[in-house]
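Summary of the model geometry
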Amino acid sequence: MPASLSKGGAARLALLLFLSLIVLVFAVASATAIGDYNIALTTVFLSVTNELGLTGADIPPIEQSVVWNLRLSRALIAALAGAGLALCGAILQALLRNALAEPFVLGVSAGASTGAVCVIVLGIGAGSLSLSLGAFAGAFAAFGLVALLSNGATSGPNHTILAGVAASQLFNALTSYIVTTSGNAQQARDVMFWLLGSFGGVRWPDFQLLLVVVLFALAVCILMARSLDAFTFGDEDAASLGVPVARIRLVLFAVTALLTATIVSMVGAIGFVGLVVPHAARYVVGPMHLRLLPASALTGAIFMVVADIVSRIIATQQTVPIGVVTALVGVPFFAIILYRARPQA
Amino acid sequence: MSVVAENLRWGVRRKIIVSDVSLSVAPGETLGLIGPNGSGKSSLLRLLAGLRRPASGRVEINGQDIAGVARKALSRHVAFVQQSAATDTNVSVEDVVRLGRTPHRSALAGWSEGDEAAVTDALQRVGMTSRRTQAWQTLSGGERQRVHIARALAQAPQVMFLDEPTNHLDIHHQIEILRMVRDLDLTSVIALHDLNLAAMYCDRIVVLQDGQIHACGTPEEVLTPQLLKDVFRVSAHVDASADAGRPHIRFSAG
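Under the annotation held in an unreviewed UniProt entry, chain B carries the name Probable iron ABC transporter, ATP-binding protein and is attributed to Salipiger bermudensis.

Per an unreviewed UniProt entry, chain A carries the name Probable iron ABC transporter, permease protein and comes from Salipiger bermudensis. UniProt, in the comment section headed Subcellular location (unreviewed entry), describes chain A in these words: "Cell membrane". Of the comments in the UniProt record for chain A, the one headed Sequence similarities (unreviewed entry) reads "Belongs to the binding-protein-dependent transport system permease family. FecCD subfamily."

**Description of the domain arrangement of chain B**
Residues and elements named next belong to chain B. Splitting chain B by domain gives domain 1 (3-77 + 158-251) and domain 2 (87-157). A separation of 25 Å is found between the C-alpha centroids of domain 1 and domain 2. At the junction of the two partners, domain 1 supplies 16 residues and domain 2 supplies 17 residues. Counting the surface lost from both domain 1 and domain 2, the interface buries some 1,300 Å², and carbon and sulfur atoms represent 66% of this. Across the domain 1-domain 2 interface, the total number found is zero salt bridges. At the junction of domain 1 with domain 2, the criterion picks out four residue pairs in polar contact (both at pLDDT 80 or more). Elements supplying a minimum of two residues to the side of domain 1 that touches domain 2: α2 (71-75), β7 (159-163) and α6 (171-183).

**Considering the UniProt feature "transmembrane region" (unreviewed entry) in chain A**
Residues and elements named next belong to chain A. When the UniProt feature table is mapped onto this chain, "transmembrane region" (unreviewed entry) is found at residues 75-96, 103-125, 131-149, 209-228, 248-278, 290-314 and 320-339. For residues 209-228, helix accounts for 95% and strand for 0%, while the C-alpha atoms at its two ends are 26 Å apart. Between the C-alpha atoms that bound residues 248-278 the distance is 20 Å, and the span itself is 84% helix and 0% strand.

**Let's talk about the UniProt feature "domain: ABC transporter" (unreviewed entry) in chain B**
According to UniProt, the positions carrying the feature "domain: ABC transporter" (unreviewed entry) are residues 3-235 of chain B. Spanning residues 3-235 of chain B, this segment combines 34% helix with 26% strand, and its end C-alpha atoms are found 33 Å apart.

**Digging into the environment of Gly-107 of chain A**
Residues and elements named next belong to chain A. Structurally, Gly-107 can be placed in the loop between α3 (61-95) and α4 (108-122). Overall, Gly-107 belongs to the buried group, its relative accessible area being 0%. It is 5.1 Å that separates the C-alpha atoms of Gly-107 and Gly-164, two residues lying 57 residues apart in sequence. Not counting chain neighbours up to four residues away, the residues in contact with Gly-107 comprise Ala-142, Gly-164, Ala-167, Ser-168 and Phe-171.

**Here's the deal with helix α5 (residues 141-154) of chain B**
End to end, α5 of chain B covers 20 Å across 14 residues, agreeing with the expected 20 Å (1.5 Å per residue, within 8%). Along α5 of chain B, twelve of the 14 residues are buried, which leaves the element largely enclosed by surrounding structure. Looking at the buried residues of α5 of chain B, the elements they touch are α10 (235-240) of chain A together with β6 (78-81), α3 (93-99), α4 (113-125), β7 and α6 of chain B. The positive-phi residue at the C-terminal boundary of α5 of chain B is Ala-156 of chain B, with phi of around 55 degrees.

**Remarks on the sheet that holds strand β3 (residues 30-34) of chain B**
All names here are of chain B. Spatial ordering of the open sheet is given by β6-β7-β8-β3-β9-β10, a layout of six strands whose pairing is mixed. Only two strands of the sheet have a single partner each, and these edge strands are β6 and β10 (212-217). Strand after strand, the sheet turns through a mean of 15 degrees between neighbouring axes, direction not considered. In this structure, β6 lies alongside β7, joined through four bridges in parallel fashion. The partner of Ala-79 across the bridge, within β7, is Met-160.

**Let's talk about the pairing of β3 of chain B**
Residues and elements named next belong to chain B. Of all five residues making up β3, five are buried, and the element is well covered by its neighbours. With burial as the criterion, each face of β3 is covered, one bearing Thr-30, Gly-32 and Ile-34 and the other bearing Leu-31 and Leu-33. As defined by bridge partners, β3 adjoins strand β8 (residues 187-191) across four bridges and the pair is classed as parallel. Among the inter-strand pairings, Thr-30 is bridged to a residue of β8, identified as Ser-188. Looking at chain direction, β3 and strand β9 (residues 204-209) are connected through four bridges and run parallel. Opposite Ile-34, over in β9, you have Val-207 as the bridge partner.

Basis of the calculations
- Residues numbered from 1 in each chain as written.
- Chains lettered and ligands numbered in written order.
- Predicted model: local features only at pLDDT ≥ 70, side-chain atom pairs only at ≥ 80, totals over all residues.
- Heavy atoms only, no water.
- UniProt positions renumbered as here; feature names shortened; annotations may be inferred.
- Domains from an automatic or database assignment.
- Contact = heavy atoms within 4.5 Å.
- Buried area = accessible area lost by both parts, 1.4 Å probe.
- Salt bridge = Lys/Arg side-chain N within 4 Å of Asp/Glu carboxyl O.
- Polar contact = N/O pair within 3.5 Å; in protein donor to acceptor, adjacent residues only side chain to side chain.
- Helix = DSSP H or I, 4+ residues; strand = E, 2+ residues; numbered from the N terminus.
- Buried < 20%, exposed > 50% of the residue type's maximum accessible area, 1.4 Å probe, protein only.
- Expected span 1.5 Å × (residues − 1).
- Pairing = 2+ DSSP bridges.
- Axes fitted to C-alpha atoms, helices over the stretch in contact; angles between N-to-C directions.

Put into structure tokens, the structure is as follows:
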């Protein structure tokens, strides 16, 4: 049950967040240690402190390089991507008042993929920033399409999800078409990357961009957390509580599109994180967003890092696409929510 | 606070729903809005509460045009209780009533003693203090309605708009809620279906038909057999002063 927001409640939340942070650090360390060949946790630790110039421990250069250049950046990006997608899910579920809302289900991730692929194939600019901008345009196009198909906010919540299904099918088809017919298929990465996501190939510059975007989004969302609470009983009810509904919706949809676009342009479309995590977090800290948003972000980070570890060890000598792992957890969860959301007799 | 509407017009896609409505509610008065289905009661209520912008005309609350007042500032003294609020979120009674403090709090402000006092007082006034930590989903329709009125009270409003607050409630709860609203020391406008309840609890009644005001006055003045026939298409007998000087309507079965 949602604890009261008294001082005791705040202290409990702080403790919970602190413990989650410790778990996250441990998960990232494990993700860095585990791989094709395992590296001892102490070596991981010393490699990081070496790189940060804190120690000068004698560590095989190859292990140090694997830890720093390959695995740590990958684990941290996984954490940020998980946090970002979980935030998106929490926001969309509140704004659309639909337990199934999240960027992947609504086709926003698919739209971002299409946007990013267009930028690569058409060769507009280069680098992660223009890729993100393309993805952003695609994510917004998907939002627009879903809004158009579901006829704004006036139709029932189920229409939004149906519109999302249509949008994701359309944009996934477009992505597949563009990738398979483009002359420079190598450059556009493979279809699997865009449809199911992958943390292979992420590097430190990606981390810096993503860190800025996730922190910015988290700050905006926390500032609007009270307004999100007011959406509990719908748009009109929020307006009667003094919330500038249109402005909040626009800003938060834009933040969601920005987060999704940045994440998708780096690691492809990863599904169901935004769906599963906010529900799990809500179960622990209750539905009020000042607590839910940070809790979702942290839980999402942990979930994604663990999912990445699983994707690398579940099949020998192979890395399973990350989206496969998240879907294996997410789809049963989706079914449970759908089942519980059926009209009560 | 007084509420004054001048020449309000509003419609959707060429269909006129509220047409040239002017009315005024005195401070502390309870005004009933009655009319057949589709007569524009809910829409008029939303225009008055500033939830919709009129196509033309203006609404003044306490002498100030609400078009020029920020949503949040307006919500500090105007509350709106919707017909049947619903949510899938697992919130507690207390969470819902706390939402009423939203317009009084800044984005990150802590929970103040004033907020706490407003919530406690609001819960007490609707008799839901003992249900404070109960899950909202487990409440009955009448209890939910009372919690929503408590939430509106926690807003500390001086004007309250209620859209058919007694819908789906048993007669005991209908009377209980209307008595409570009448006894509150604030200006209220209530859209109602039940004509006898409107007669019992409203100081004045506005009768809407096709988006226009058909009649306006005290229950005795307004609720006549002729009006009931013209507007509601029923034949009825009216006891002029059945209960404490209030008219009572008996509908004819024939």
